[in-house]
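Letter by letter, the chains look like this.
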Amino acid sequence: MASTGSSNTSAGIPELPSLSERIQNPADISVIVIYFVVVMIVGLWAMLKTNRGTIGGFFLAGREMTWVPMGASLFASNIGSGHFVGLAGTGAASGIAVTAFESHSLLLLLVLGWFFVPIYIKAGVMTMPEYLKKRFGGNRLQVYLSVLSLFMCVALKISADIFAGAIFIKLALGLDLYLAIVILLAVTAVYTITGGLASVIYTDTLQTGVMLLGSFILLGFAFVEVGGYESFAEKYMNAIPSVIEGDNLTVNPGCYTPQADSFHLFQDAATGAIPWPGMVFGIPITALWYWCTDQVIVQRCLSGKDMSHVKASCIMCGYLKLLPLFLMVMPGMISRILYTDMVACVIPSECVKHCGIDIGCTNYAYPTMVLELMPAGLRGLMLSVMLASLMSSLTSIFNSASTLFTIDLYTKMRKQASEKELLIAGRLFVIVLIVLSILWVPIVEVSQGGQLIHYTEAISSYLGPPIAAVFLLAIFCKRVNEQGAFWGLMVGLLFGIIRMIAEFSYGTGSCLAPTNCPKIICGVHYLYFSIIVFSVTTIVVLGISFLTKPIPDINLYRLCWSLRNSKEERIDLDADEKRPGETENSTEDHSEKSHGCLRKTYDLFCGLQNTGPKLSKEEEEALKKKLTDTSEKPLWKTIVNINAIISLAVTVFFYAYFA
């Protein structure tokens, strides 16, 4: 295998059939088939093992999950194919600083496990909008956050992941991009719709193992090919494409020359792709929104057996989040060394020749290396890895999005809906999400100069900070009220929407063709913008709250940090409304009815079979107590606290070493 870009790129990427032939051999196909069979077996086992016939069973796995599958599911839910493609692509373009988007997670996961989840559990909620309704009362906060969260599922998560996964499938199998998307989504939706959260978590555990195994193997091949770490560091700084003139363009050397600080986490505050003040102050804001208030992540923690399991799962996921530097970013940088003319292409006509997109081919860095470096059989394993990362993220998002829609929106439209109707509605909503996400894919493809990770982080920075500010204040400042929270969110949304629409309208531009978007709107780096939006939202929330009437303590017991341990009975601000599933289904007839074989099979497949006799009042109270219990055994509490301190020390060392 040659180590220069021209020979590799000319041999492979422009001619998709030659690449697709490499995956069409018995070894690769056998690995892929075995992977799918094992995933479906695990999914079916989880379907039959767990209770999916109730709201709590389907959406929270009955709060019976232990720390290992929870931690694996947190990691797998977060790491999608967009990470393999996006982190590797941005690593190829600008170095290791992009790792900060991942390594910051360890600190925020500890904040999630030690501060946010205890409040959510004590509040007895299943969704984040439901928490805002209990904390502040009224319906407008709940509905707003539900709608915005569903929009972000489409624009930020599902579409980005299916685009990234389809890039790999397109290269590996030679399929049409949208045909690959439809096939993947169909398989993913089946066991999400049927299995519920428990099925998703168990399959995530399997897929995390597959992801780590395949990624470490590729890392080994990559470093062997490039000649070790020292050779890698030297060659990356000299990885300049051979074609830097053409199309009547004058190209600035900064567009194709690796940055001097490519091997430093802290990059220049003005010229860095990820400026250090934005990394230190901006990334934690969007990470707070994602890890501590996003339904996909929090829902996994709410399924834990007890708080010790929840905290242990957060620590486990935090350690795993230090790995993307080695498993994704560095392989992407090595891909630039091996296939320089393609990955680092700068002339539009050259980029079109190599990958069919004129704004750059960095998104093809990781898939190309998989197909070029891996031997038969292992290529099939890596395709399974990409499928695993794609499917694990999508299943998590689908399950959580259907939870949001069912609990926070559908019950507003159908106040008397039975539990069975809610479960069916949640499953059908997944199909709507799939259609909307496919329609959004073309926007993802051309945004942020073709760098996927910058697209996802930019959207997060525009829409996430107001939500992070409101949740942070809701938990730690009991004086904040509904008026302050609502108008703070509205002002923050206005700022974010203006910036986002401006970028979609003018385009984000590229190094060769800067955007015409007015500097006052688009001239601020998106990480700096997140700091501004977060600060403005906080000021508005506090200002309006202190000028208006406070919420009495009797409505806030166990809903904010200062009142978390109060034993008094809370009068919920939404006490006049019944919880989903407490209306018609409380009087549903649970007696066995005679159904035909087809109906029984359908009910079993969808988890709509009868779940046994109705609980007595005492049993219902015991179940409710279990679902809101945050107690820990002293020994395990001490163990997880010590491990949290150790993980913080590891993080400090990580940043000090790569600073």
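Residues numbered from 1 in each chain as written. Predicted model: local features only at pLDDT ≥ 70, side-chain atom pairs only at ≥ 80, totals over all residues. Heavy atoms only, no water.

By the naming in an unreviewed UniProt entry, the chain goes by Solute carrier family 5 member 4-like isoform X1 and is assigned to Octodon degus. Among the UniProt annotations of the chain, the heading Sequence similarities (unreviewed entry) holds the following wording: "Belongs to the sodium:solute symporter (SSF) (TC 2.A.21) family." Within the UniProt record for the chain, the comment given under Subcellular location (unreviewed entry) is "Cell membrane". (UniProt positions renumbered as here; feature names shortened; annotations may be inferred.)

Quick word on the overall build of the chain
On a plain count of helices and strands, the chain comes out with 28 helices and 0 strands. Taking all 659 residues of the chain together, 59% fall into the buried category. Of the accessible surface of the chain, which amounts to about 25100 Å², a share of 66% is contributed by carbon and sulfur atoms. (Helix = DSSP H or I, 4+ residues; strand = E, 2+ residues; numbered from the N terminus. Buried < 20%, exposed > 50% of the residue type's maximum accessible area, 1.4 Å probe, protein only. Areas by Shrake-Rupley, 256 points an atom, 1.4 Å probe, with all protein chains shown as cover.)

Regarding the pattern of salt bridges
For the coordinates displayed, the defined rule picks out 11 salt bridges. Note that Glu482 is salt-bridged to Arg140, the shortest N-O span being 2.6 Å. Here Arg140 lies in helix α10 (residues 140-173) and Glu482 lies in helix α23 (residues 482-506), a separation of 342 residues in the sequence. Owing to a relative accessible area of 11%, Glu482 belongs among the buried residues under this scheme. Looking at Arg140, the relative accessible area reads 34%, which means it is partly exposed. The salt bridge involving Glu421 is made with Arg414; its shortest N-O contact spans 2.8 Å. Relative accessible area serves as the criterion here: at 41%, Arg414 is assigned to the partly exposed category. Here the salt bridges do not stand alone but share partners, grouping Lys134, Arg570 and Asp572 into one network. (Salt bridge = Lys/Arg side-chain N within 4 Å of Asp/Glu carboxyl O.)

Re the state of the cysteines
What the rule picks out here adds up to 2 disulfides. Bridging Cys345 to Cys351, the disulfide has an S-S length of 2.1 Å. On the sign convention where negative is left-handed, the bridge of Cys345 and Cys351, at about 115° about the S-S bond, is right-handed. With no disulfide of its own, Cys317 lies 7.5 Å from the sulfur of Cys314, the closest cysteine sulfur. For the unlinked cysteine Cys560, the closest cysteine sulfur is that of Cys477, found at 8.9 Å. (Disulfide = S-S within 2.5 Å.)

A look at the confidence of the model for the chain
When pLDDT is averaged along the chain, the result is 80; 81% of the residues meet or exceed 70. Of all the helices and strands in the chain, helix α1 (residues 5-11) carries the lowest mean pLDDT, 37, while helix α25 (residues 526-547) carries the highest, 96. Note that residues 1-21 has pLDDT below 50 and, in this model, 50 contacts with residues that lie over four places away or in other chains. (pLDDT = per-residue confidence, 0-100. Contact = heavy atoms within 4.5 Å.)

What about the packing of helix α13 (residues 276-293) against α25?
The geometry of a pair of packed helices is captured by two quantities: the angle between their axes and the separation between those axes. In the contact formed by α13 and α25, the axes pass within 8 Å of each other and the chain directions differ by 55°. By the angle class used here, α13 and α25 are oblique. Handedness of the α13/α25 crossing: left-handed. Contact with α13, carried on its side by Pro277, Gly278, Met279, Phe281, Gly282, Ile283, Ile285 and Thr286, involves Leu527, Tyr528, Ser530, Ile531 and Phe534 of α25 and no other residues of that element. (Axes fitted to C-alpha atoms, helices over the stretch in contact; angles between N-to-C directions. Parallel < 35°, antiparallel > 145°, perpendicular 65-115°, else oblique. Left-handed = near helix turned anticlockwise from the far one by under 90°.)

Examining the packing of helix α6 (residues 81-94) against helix α22 (residues 452-476)
Direction vectors running N to C along α6 and α22 enclose 105°, while the axes themselves pass 7 Å from each other. By the angle between their axes, α6 is roughly perpendicular relative to α22. Counted together, Gly82, Val85, Gly86, Leu87 and Thr90 of α6 and Leu452, Ile453 and His454 of α22 form the full contact between these two elements. Across the contact of α6 with α22, the residue classes tally to 4 nonpolar, 4 polar and no charged. (Nonpolar A, V, L, I, M, F, W, Y, C, P; charged D, E, K, R; others polar.)

Some thoughts on a nonpolar patch on the surface
Judged by side-chain polarity, Leu428, Ile431, Val432, Val435, Leu436 and Leu439 come together as a nonpolar surface patch covering roughly 560 Å² of accessible area. Summarising the element assignment, Ile431 is placed in helix α21 (residues 419-446). Classification of Ile431 as partly exposed rests on a relative accessible area of 46%. (Patch = residues over 30% accessible without salt bridge, like charges linked within 9 Å, V, L, I, M, F, W, Y side chains within 5 Å.)

Considering the side chain of Ser313
Mapped onto the secondary structure, Ser313 falls in helix α15 (residues 307-320). Residue Ser313 is classed as buried on the basis of its relative accessible area of 0%. Setting aside chain neighbours within four positions, we find Ser313 in contact with Trp67, Met70, Gly71 and Leu74.

As for the packing of aromatic side chains
Here the structure, examined in full by the defined rule, presents 27 aromatic pairs. Considering the side-chain rings of Tyr131 and Phe471, the 6.0 Å spacing of their centres and the 25° angle between planes classify their relative orientation as stacked. With a gap of 340 residues between them, Tyr131 in helix α9 (residues 128-136) and Phe471 in helix α22 connect regions that are remote in the sequence. Plain terms: the ring middles of Tyr462 and Phe529 are 5.5 Å apart, the flat faces sit at 90° to each other, and that makes the pair edge-to-face. Taken together, the positions of Tyr462 in helix α22 and Phe529 in helix α25 put the pair 67 residues apart, joining distant regions of the chain. Clustering of aromatic rings is evident, with ring pairs tying together Phe115, Phe116, Tyr120, Tyr131, Phe471, Phe476 and Trp561. Above the ring of Phe486, the side-chain terminus of Arg140 is found at 3.9 Å from the ring centroid. Against the face of Trp561 rests Arg564, its NZ or CZ located 3.9 Å from the ring centre. (Phe/Tyr/Trp six-rings, centres within 6.5 Å; stacked < 30°, edge-to-face > 60°. Lys NZ or Arg CZ within 6 Å of the ring centre and 35° of its normal.)

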